[in-house]
Amino acid sequence: MRGERHLAAVCPSDERGPEGPRGATGPQRLDAGRAAPGGGVGRQADNDAVRLATWNVNSIRSRADRVVAWLQRRDVDVLALQETKCRDDQFPEDRFTALGYEVAHVGHSQWNGVAVLSRVGLADVTIDFPGQPHWGDSPATEARALGATCGGVRVWSLYVPNGRALDDPHYQYKLQWLAALRETAAGWLADDPGAQVALVGDWNIAPQDDDVWDMRVFATSTHVSEPERAAFRAVVDAGYADVVRPHAPGPGVYTYWDYTQLRFPRREGMRIDFVLGSPALAARTTYALVDREERKGKGASDHAPVVVDLAD
DNA sequence: ATGGTAGCTAGGCTA
């Protein structure tokens, strides 16, 4: 089942492989914020700088216009998406292939679903990391991980299980899922210490007290519990560093704000979306940004995109 | 103690 979906989910651009031409413009500073010349379709072949981003979009169909505009405005090369919230046959691929992106996605239901868009090549698509545990056949807990090699970087778009509540069976599933991810990701570095790997997405964990606006609110909640934080640290200890934090120091730098209770205007958020990079990837990181602007206005996702620049 | 909002999909579940 999964294998068939895998092939059905991938829509490679036929005229450009992983080593293909990159297009018309060099990398811009993230803070420049200007539209890419030539419609933002690619980069020159004279450098291998890559702008990588991750975004929990809370439905790709309702967010497609916004994502398209943002990709062009920020001149992003590779975007990992979470909570696409659509089946594979519903994914609006054409919106992105029209901009020069190759698209890989997997979604089984109205919940979750992950994707990777890339205009610097997209190869070796893998649905689910090796050893990934599953919650029976429940569609609510499927479609959580997709890996693809983009411009020499192995990118994993991850949607870590939410956990729901400390006494909910989904919480134990979340911890098992994270343990399996750590085990697998540690193995990749054992096999190749120089591997360029990015573990990106919605981790549903706030690793430090500074990563929520008020710890008292979360006293009995998931996302901040010590076992979850230990599971996150274990991935970091396996060699995957938070490459954003050095460029976005806290407190008060969040990536998610609940739709309810005016959390965004009150600046009451959580930092739960991360780009964790292998040593070789971390060494290339030159700049990072949480694009809080994208949380503003009508039709925003409840998450902001997180962007990382990798040097050539 | 509940509700607040958004999305999918047509009553309730998930986040």
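> What am I meant to see in the environment of R95 here?
Counting through the fold element by element, R95 comes out in helix α3 (residues 93–97). Note: C-alpha distance between R95 and S225 (130 residues apart in sequence) is 39 Å. Residues contacting R95, with those up to four places away along its chain left out, are A64, D65 and V68.

> Explain the sheet that holds strand β6 (residues 123–127) here, please?
Two modes of strand pairing occur in sheets, parallel and antiparallel, and in both the strands are linked by backbone hydrogen bonds. Within the open sheet, the six strands sit side by side as β6-β7-β8-β9-β11-β10. Their pairing is mixed. Two strands close off the open sheet at either side, each with one partner strand: β6 and β10 (241–242). In this sheet, strand β8 (residues 153–159) lies alongside strand β7 (residues 145–150) in antiparallel orientation, the contact comprising six bridges. Across the sheet, A148 pairs through a bridge with V155, a residue of β8.

> Would you take a moment to explain the pairing of strand β11 (residues 273–277) for this structure?
Consecutive side chains of a regular strand alternate in pointing toward one face of the sheet and then the other. The buried count for β11 comes to five of five residues, which makes it a mostly enclosed element. Because side chains alternate across β11, one face comprises the buried residues D273, V275 and G277, and the other comprises F274 and L276, equally buried. Note that strand β9 (residues 197–202) and β11 share five bridges and pair antiparallel. For L199, the partnering residue across the bridge sits in β11 and is L276. Bridge analysis of β10 against β11 gives two bridges, and the strand direction is antiparallel. Residue A241 lies in a different strand from β11, and its bridge partner there is G277.

> How do you make sense of unusual backbone geometry when you look at a structure like this?
Along the chain, G250 connects to P251 via a cis peptide bond; the corresponding omega equals 5°. Mapped onto the elements, P251 comes out in the loop between β10 and β11. Residue K85 is not a glycine yet carries a positive backbone phi of 55°. Within the secondary structure layout, K85 lies in the loop between β3 (78–82) and α3.

> I'm lost on empty space enclosed by the protein in this one. Help?
If a probe the size of a water molecule is rolled over the atoms, the empty space left behind becomes visible. For the coordinates displayed, the defined rule picks out one cavity of 30 Å³ or more. Of the volumes computed, that of the largest cavity is approximately 50 Å³. Among the elements that line the lining of the largest cavity, the one with the most residues is β11, at three residues. Each residue belonging to the lining of the largest cavity can be placed in one class, and the counts come to seven nonpolar, one polar and four charged.

> Would you explain the protein's contact with DNA strand B in this entry?
If you check the shell around DNA strand B, you find 15 residues, and the closest are S59, R63, R164, T260 and Q261. Within 4 Å of the protein, the contacting atoms of DNA strand B are drawn from sugar and phosphate to the extent of 78%. A distance of 3.1 Å separates a phosphate oxygen of DNA strand B from a polar side-chain atom of R164. Broken down by element, the residue count for the surface near DNA strand B peaks at three residues, all from helix α2 (residues 60–74). For the surface near DNA strand B, the per-class residue count stands at three nonpolar, seven polar and five charged.

> Any chance you could explain helix α4 (residues 169–191) here in plain terms?
Structurally, the α-helix is built with 3.6 residues per turn, so residues lying three or four positions apart point the same way. With 23 residues, α4 should reach 33 Å at 1.5 Å per residue; the first-to-last C-alpha distance of 33 Å fits that figure. Capping of α4 at its N-terminal end is provided by D168; its side-chain oxygen lies 2.7 Å from the backbone amide nitrogen of H170.

> Before we go on, may I ask you to explain the side chain of H105 in this structure?
With respect to the helices and strands, H105 occurs in strand β4 (residues 102–106). Judged by relative accessible area, H105 falls into the buried class, the value being 1%. Of note is the side chain of H105, whose polar atom sits 3.0 Å from the side chain of D88. Among the polar contacts made by the side chain of H105, one reaches the side chain of E93 at a distance of 2.7 Å.

> Could you clarify how one ought to interpret α2 in this entry?
Relative to the 21 Å expected for 15 residues at 1.5 Å per residue, α2 spans just 18 Å between its end C-alpha atoms, considerably shorter than the ideal helical length. The sharpest bend along α2 measures roughly 35° and falls at R66. Within the sequence span of α2, burial applies to I60, R63, A64, R66, V67, V68, W70, L71 and R74. Buried residues belonging to α2 abut β2 (50–56), β3, α3, β5 (114–118), β12 (285–290) and β13 (306–310). At the exit of α2 stands D75, carrying a positive phi of roughly 55°.

> Quick question: what am I supposed to make of the layout of surface pockets here?
Space inside the largest pocket adds up to approximately 370 Å³. Around the largest pocket, the lining comprises 25 residues; the ones closest to its centre are N162, H223, Y256, D258 and M270.

Cut-offs and rules
- Numbering of residues starts from 1 in every chain and runs along the sequence as written.
- Starting at A for chains and at 1 for ligands, labels are handed out in the order in which the entities are written.
- Since the coordinates come from a predicted model, pLDDT governs what is reported: local features require at least 70, and pairs of side-chain atoms require 80 or more to be given and counted, while whole-chain, interface and lining totals use all residues.
- Computation of side-chain values covers all heavy atoms of the structure but excludes hydrogens and water.
- Put simply, DSSP marks the helices as runs of H or I at least four residues long and the strands as runs of E at least two long, and each gets a number from the N terminus on.
- The contact rule is simple, with two residues in contact once any of their heavy atoms fall within 4.5 Å.
- In this description, strands pair whenever DSSP reports at least two bridges between them.
- For the exposure calls, accessible area comes from a 1.4 Å probe over protein chains only, and a residue counts as buried if that area is under 20% of its type's maximum, exposed if over 50%, partly exposed in between.
- The method works on a 1 Å grid over the protein atoms by themselves. A cavity is a set of points holding a 1.4 Å probe that cannot get out, a pocket is an open set with protein on both sides within 12 Å along at least five of seven lines, and residues with an atom within 4 Å of a point line them.
- Grid points are joined across faces, edges and corners, and a volume is the space filled by probe spheres set on the points.
- Amino acids outside the nonpolar list (Ala, Val, Leu, Ile, Met, Phe, Trp, Tyr, Cys, Pro) and the charged list (Asp, Glu, Lys, Arg) are all regarded as polar, and Gly is one of them.
- Here, proximity means that at least one heavy atom of the residue falls within 4 Å of the molecule or strand.
- For this analysis, a polar contact is any N or O atom pair within 3.5 Å, provided that within protein one partner can donate a hydrogen and the other can accept it, and provided that sequence-adjacent residues contribute only side-chain to side-chain pairs.
- One less than the number of residues in a helix, times 1.5 Å, gives the span that helix is expected to have.
- Two axes define the bend at a residue: one fitted to the seven residues ending there, one fitted to the seven starting there, and the bend is the angle between them.

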